[in-house]
Amino acid sequence: RGKAGAEPVIPFNLPESRTRVFAIASGKGGVGKSSMTVNLAAALAQKGLSVGVADADIYGHSIPRMLGVEGAPTQVEDMIMPPQAHGMKVISIGMFTPGNTAVVWRGPMLHRALQQFLADVYWGDLDVLLLDLPPGTGDIAISVAQLLPTAELVVVTTPQQAAAEVAERAGAIVTQTHQKLAGVVENMSWMELPDGSHIEPFGSGGGKTVAEALTRDIGAEVPLLGQIPLDPRLREGGDAGVPLVLSDPDCEASRSIRAIADQL
Ligand code: ADP
Ligand code: MG
């Protein structure tokens with residue numbers, strides 16, 4: 001807790017920390033990282049785990065809306081107390097910017113914001129911390145690797161081959177950062193039509209392609225953790241601030257998300 005010397009202490013890096021940290025990454029934007037983050041977080045919380053969510057997508061923050069966070073962070077001594085939503089502790093730069101103003105920062109500021117999320121927020125004794133990353137291998141991904149060397153990456157892709165190629169690069173960052181890769185999630189894999197038939201609007205095979213390519217790249221098994229169908233209610237849940245795994249735990253999308261949470 002707090003600061004020692006010049007570098008702020010990140011409690012998740014202390015040897016006694018029992019918190020598992022997962023960073024939700026992707027090559028492209030719009031593949032469902034934030035949706036997966038909030039639904040996986042809610043699924044883990046449903047299992048009785050103590051869960052924190054840090055919105056590391058500083059420019060494109062969307063977590064407060066997707067979790068329906070209402071309160072604002074408060075300050076107690078030198079710590080930031082994060083607001084809670086659905087029993088989870090949540091922090092996002094969106095809670096510190098008035099209205100819907102844009103964050104226009106260069107790399108060092110992004111790094112500092114992230115450092116504060118990790119060192120100055122009172123997370124308590126979490127079982128799991130999920131970080132919602134921006135797409136790609138830019139400043140934030142590098143900062144997360146530096147600030148949280150033990151964070152495990154979950155790579156989200158769509159079934160589309162073009163998306164898969166970009167996702168592989170996002171995952172292969174671990175060959176340089178030496179982080180662990182927890183696995184690959186394929187989102188938007190298929191959609192059920194009203195007549196019960198299935199279509200694949202984004203093609204097929206992307207998740208498997210990425211998992212196999214990353215397994216080759218890092219020389220260790222990278223599992224395809226699961227495939228999530230397209231379900232308009234998943235988007236609606238994001239807009240309404242209630243993750244689908246909470247509002248309809250028995251639908252197919254929720255069951256596939258829970259199955260992924262069980263493997264983490
Ligand atoms: P990212 O964080 O990777 O940019 P988002 O989670 O914001 O992606 O998802 C992009 C858009 O797609 C959002 O409008 C979201 O509600 C929607 N979406 C994501 N996954 C699904 C899904 N499985 N079914 C339906 N809509 C989805
Ligand atoms: Mg996002």
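Further up the page is the structure itself.
Residues numbered from 1 in each chain as written. Chains lettered and ligands numbered in written order. Predicted model: local features only at pLDDT ≥ 70, side-chain atom pairs only at ≥ 80, totals over all residues. Heavy atoms only, no water.

1. Details of the overall build of the protein chain
1) Next: Counting its regular elements, the protein chain contains 10 helices and 11 strands.
2) Next: By the compact-globule yardstick of 18 Å for 264 residues, the protein chain fits well, its C-alpha radius of gyration being 18 Å.
3) Next: Looking at the protein chain as a whole, 52% of its 264 residues qualify as buried.
4) Next: Residue pairs in contact within the protein chain that sit at least 24 positions apart in sequence constitute 76% of those at least 6 positions apart.
5) Next: Here the protein chain carries 19 positive and 29 negative side-chain charges, and the mean point of each set is 3 Å from the other. (Helix = DSSP H or I, 4+ residues; strand = E, 2+ residues; numbered from the N terminus. Rg over C-alpha atoms; globule rule 2.2 N^0.38 Å. Buried < 20%, exposed > 50% of the residue type's maximum accessible area, 1.4 Å probe, protein only. Contact = heavy atoms within 4.5 Å. Lys, Arg positive; Asp, Glu negative; His and termini not counted. Charge placed at Lys NZ, Arg CZ, Asp CG, Glu CD.)

2. With respect to the nonpolar core
1) Next: Core analysis: the largest hydrophobic core is formed by 80 residues, its most contacted members being F12, L67, L129 and L131.
2) Next: In terms of residue count, helix 1 (residues 33-46) provides more of this core than any other element does, seven residues in total.
3) Next: With sequence-adjacent residues up to four places away left out, L131 is seen in contact with V21, F22, A23, I24, A54, A56, V144 and L148. (Core = buried A, V, L, I, M, F, W, Y, C linked by side-chain atoms within 4.5 Å.)

3. Observations concerning the site of ligand 1
1) Next: If you check the shell around ligand 1, you find 15 residues, and the closest are G30, K33, S34, S35 and N187.
2) Next: One of the backbone nitrogen or oxygen atoms of V31 is found 3.3 Å away from an oxygen atom of ligand 1.
3) Next: A distance of 2.9 Å separates a nitrogen atom of ligand 1 from a polar atom in the side chain of N187.
4) Next: The set of elements that each furnish at least two residues to the shell around ligand 1 consists of helix 1, strand 9 (180-192), strand 11 (224-230) and helix 8 (232-240).
5) Next: By residue number, the principal contributor to the shell around ligand 1 is helix 1, which donates three residues.
6) Next: Of the residues assigned to the shell around ligand 1, the class counts are six nonpolar, six polar and three charged. (Near = heavy atom within 4 Å. Polar contact = N/O pair within 3.5 Å; in protein donor to acceptor, adjacent residues only side chain to side chain. Nonpolar A, V, L, I, M, F, W, Y, C, P; charged D, E, K, R; others polar.)

4. Topic: the side chain of E186
1) Next: Relative to the helices and strands, E186 is located in strand 9.
2) Next: Buried charged residue E186 carries no salt bridge. Nearest counter-charge: K208, at 9.8 Å.
3) Next: Within the structure, the side chain of E186 is placed 2.6 Å from the side chain of S189, a separation counted as a polar contact.
4) Next: Those residues in contact with E186, other than ones at most four positions away along the chain, are T157, T158, P159, G205, G206, G207, K208, L224, G226, Q227 and I228. (Salt bridge = Lys/Arg side-chain N within 4 Å of Asp/Glu carboxyl O.)

5. Description of the pairing of strand 9
1) Next: Buried residues dominate strand 9, accounting for 10 of its 13 residues.
2) Next: Summarising the sheet, strand 9 and strand 11 pair through five bridges and their orientation is parallel. Bridging across to strand 11, M191 finds its partner in L230.
3) Next: Bridge count for strand 9 against strand 10 (residues 198-199) is two bridges, and the pairing is antiparallel. Note on strand 10: the bridge partner recorded for M191 is I199.
4) Next: Here strand 9 folds back onto strand 10 in antiparallel fashion, the turn holding five residues, of which G196 has a positive phi close to 90°. (Pairing = 2+ DSSP bridges.)

6. With respect to the pattern of salt bridges
1) Next: Tallied over the entire structure, the rule returns nine salt bridges.
2) Next: Ionic pairing is found between R235 and E236, a salt bridge with its closest N-O pair at 3.9 Å.
3) Next: According to the relative accessible area criterion, E236 is partly exposed, its value standing at 40%.
4) Next: One connected set of salt bridges, linked through shared partners, spans R18, D125 and D127.

7. As for the environment of L193
1) Next: Mapped onto the elements of the fold, L193 is located in the loop between strand 9 and strand 10.
2) Next: Since its relative accessible area comes to 27%, L193 is described here as partly exposed.

8. Some thoughts on the pairing of strand 6 (residues 88-91)
1) Next: Covered by surrounding structure in strand 6 are M88 and V90 together with K89 and I91, the residues of both alternating faces.
2) Next: Two elements, strand 2 (residues 51-55) and strand 6, share three bridges in a ladder whose sense is parallel. Bridged to V53 within strand 6 is V90.
3) Next: Note that strand 5 (residues 84-85) and strand 6 share two bridges and pair antiparallel. Its bridge partner lying in strand 6, Q84 is registered against K89.
4) Next: Counting the residues between successive antiparallel strands, the hairpin from strand 5 to strand 6 contains two residues, one of them, H86, with a positive phi of roughly 50°.

9. Structural notes on helix 10 (residues 252-263)
In an α-helix, one turn spans 3.6 residues; hence positions three or four apart end up facing the same way.
1) Next: Between its terminal C-alpha atoms helix 10 stretches 17 Å, which fits the 16 Å expected from 12 residues at 1.5 Å a residue.
2) Next: Within helix 10 the residues assigned to the buried category are A253, S254, S256, I257, I260 and A261. Along the axis of helix 10, the buried residues cluster in a sector spanning 165°; they form a single face.
3) Next: For helix 10, the secondary structure elements touched by its buried residues are helix 1, strand 9, strand 11, helix 8 and helix 9 (244-247). (Expected span 1.5 Å × (residues − 1). Arc of directions from axis to C-beta.)

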